[in-house]
Amino acid sequence: MLDKAALILDAFYPTGGEFRLAELVVRTGLSKTTAYRLAGNLVQLGFLEHTGEHYRLGNRLFELGSLASRRLDLRETALPFLQDLFESTRQTVHFGVRDGFDVVYLERIHGHDSLALPSRIGGRLPLSCTAIGKALLAFCKEAARDLDTRELPRLTPHSITDPVAMRTALEQIQVSGLAYEEQEAALGVSCIAAPVFAGATVVAALSVAVPQQQFRPAHLAPAVRTAALGLSRALRNGVAPGTKTPHPSQ
C-alpha cells in the first residue's frame, strides 16, 4: 500500500497543480477504487487536500519538506551569496545540487528580465543541459564515468547529446572553474555557473541566467566566481545557518 500511495503523490510531479480522481487514475495506473481509497487516506493525513472534484498537495508535505535539514542548511548558508550575486548582476540567479543525473534547484532569485525558464525551486533538469549541471558533473567522477552509458537528453536543438563533446566541455570547466550553457535548456536563455565546494567535494553550484542577446560571459564571470568562492569558503569554515557569513569580497 505504501508503494501505491507513493504513486498517488508522484502523480503531482513535476508541476504540482490540481487533478481529478480520473486524472490520478490515468497518471498512476491504479484502479479507480484503489486510487479513491488511497487519496482519501492521504487527505486524512494532510498529505493531500480535496476541494470539490480536485485533489492537490497538502500542507503536511510542505512542512515535512522544510525539515530536510541538509539541503535547508545548505540553502540558508548560500542565500547571502546568492543575494549578493543578484545585486551585482540584476539577473536570475540559480542554486542547485546533484541528484543522480539531474540538478535539483534549491533556490531561484528572479531577475528583472522576463525569461521563460524551465527551472523552479524543487524542480529538476538534466545535468548535461544546464550550466549548473555541467559544473556539478565536471567535478563528480562517478557521474562523469556514466556518460558513455547514458543517452544524453535533448531539451532544445542546442543541447549537447554527444558524449565526446560533453567530455570536452567538462574538461574545459575543470580548467576554468566555470560552466557555460547557451540555449541548451531553453531557447533564448544562456547561463554561466560555478561549482561550490565543501573542502575537496563539490556539493552544489550557482549560476546566472540571462537573455541570449545579453550574454556576456566576461562581464558575468567575476561575480559568479566570487559568489562560488565565498560560499565555498563559508562551508569550509563551517559557517552555520543563521550566523553572519563573510561577504564574498572578504
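Residues numbered from 1 in each chain as written. Predicted model: local features only at pLDDT ≥ 70, side-chain atom pairs only at ≥ 80, totals over all residues. Heavy atoms only, no water.

A. Representation of the overall build of the protein chain in the model. From N to C terminus, the protein chain includes nine helices and nine strands. Burial analysis of the protein chain (250 residues in total) assigns 45% to the buried set. When the accessible surface of the protein chain is split by element, carbon and sulfur atoms take 53% of a total near 13000 Å². (Helix = DSSP H or I, 4+ residues; strand = E, 2+ residues; numbered from the N terminus. Buried < 20%, exposed > 50% of the residue type's maximum accessible area, 1.4 Å probe, protein only. Areas by Shrake-Rupley, 256 points an atom, 1.4 Å probe, with all protein chains shown as cover.)

B. Quick peek at the sheet that holds strand S7 (residues 179–182). Read from one edge to the other, the open sheet built from six strands follows the order S6-S5-S4-S9-S8-S7, with strand pairing classed as antiparallel. Two strands bound the open sheet, and with one partner strand each, they are strand S6 (124–126) and S7. Neighbour to neighbour, the strand axes of the sheet diverge by 30° on average, direction disregarded. Note: S7 against strand S8 (residues 189–198), four bridges, orientation antiparallel. Bridging from a neighbouring strand, Glu 182 pairs with Ser 190 of S8. Packing of helix H6 (residues 131–138) onto the sheet brings it into contact with strand S4 (92–99), strand S5 (102–109), S7, S8 and strand S9 (201–211), and relative to S9 it is tilted by some 155°. Seen against the sheet, helix H9 (residues 217–236) touches S4, S7, S8 and S9 and runs at an angle of roughly 25° to S8. (Pairing = 2+ DSSP bridges. Axes fitted to C-alpha atoms, helices over the stretch in contact; angles between N-to-C directions. Contact = heavy atoms within 4.5 Å.)

C. How the structure looks around the nonpolar core. Leu 82, Phe 95, Ile 192, Val 196, Leu 206, Val 208 and Val 224 are the most contacted members of the largest nonpolar core, which has 30 residues in total. At the level of secondary structure, the elements contributing two or more residues to this core comprise helix H5 (69–89), S4, S5, S8, S9 and H9. Cys 140, Ala 143, Val 202 and Ala 209 belong to the second largest nonpolar core, which has 29 residues in total. (Core = buried A, V, L, I, M, F, W, Y, C linked by side-chain atoms within 4.5 Å.)

D. Quick peek at the pattern of salt bridges. Counted according to the given criterion, the structure contains eight salt bridges. Linking Arg 56 and Glu 18 is a salt bridge whose minimum nitrogen-to-oxygen distance equals 3.1 Å. Taken together, the residues span a long stretch of sequence, with Arg 56 in strand S3 (residues 54–57) and Glu 18 in the loop between helix H1 (2–10) and strand S1 (19–20) at a distance of 38 residues. Using a relative accessible area of 29% as the deciding quantity, one classes Arg 56 as partly exposed. On the basis of relative accessibility, which here comes to 42%, the residue Glu 18 falls in the partly exposed class. Arg 20 serves as the salt-bridge partner of Glu 53, at 3.1 Å between the closest nitrogen and oxygen. Here Arg 20 lies in strand S1 and Glu 53 lies in the loop between strand S2 (48–51) and S3, a separation of 33 residues in the sequence. Several salt bridges share partner residues, and in doing so they unite Glu 18, Glu 49 and Arg 56 into one network. (Salt bridge = Lys/Arg side-chain N within 4 Å of Asp/Glu carboxyl O.)

E. Quick look at the packing of aromatic side chains. Enumeration over the complete set of coordinates arrives at two aromatic pairs. Pairing Phe 139 with Phe 197 gives two aromatic rings, centres 5.3 Å apart and planes at 80°, and the pair type is edge-to-face. One end of the pair, Phe 139, is in the loop between H6 and helix H7 (141–145); the other, Phe 197, is in strand S8, with 58 residues separating them in the sequence. The partly exposed category is assigned to Phe 139, whose relative accessible area is 29%. According to the relative accessible area criterion, Phe 197 is partly exposed, its value standing at 23%. For the cation-ring pair, Arg 150 lies above Phe 101, with the distance from its terminal atom to the ring centre recorded as 4.2 Å. (Phe/Tyr/Trp six-rings, centres within 6.5 Å; stacked < 30°, edge-to-face > 60°. Lys NZ or Arg CZ within 6 Å of the ring centre and 35° of its normal.)

F. Structural context of H6. For H6, a buried count of eight out of eight residues is recorded, marking the element as mostly surrounded by other parts of the structure. Looking at H6, one finds that the buried residues are Ala 131, Ile 132, Gly 133, Lys 134, Ala 135, Leu 136, Leu 137 and Ala 138. For H6, the side-chain oxygen to backbone nitrogen distance between the N-cap and Gly 133 is 2.8 Å, and the N-cap itself is Thr 130. (Polar contact = N/O pair within 3.5 Å; in protein donor to acceptor, adjacent residues only side chain to side chain.)

G. Spatial organisation of the environment of Thr 201. By the secondary structure assignment, Thr 201 is in strand S9. Relative accessible area serves as the criterion here: at 48%, Thr 201 is assigned to the partly exposed category. For Thr 201 and Ser 232, which are 31 residues apart along the polypeptide, the C-alpha to C-alpha distance reads 10.0 Å.

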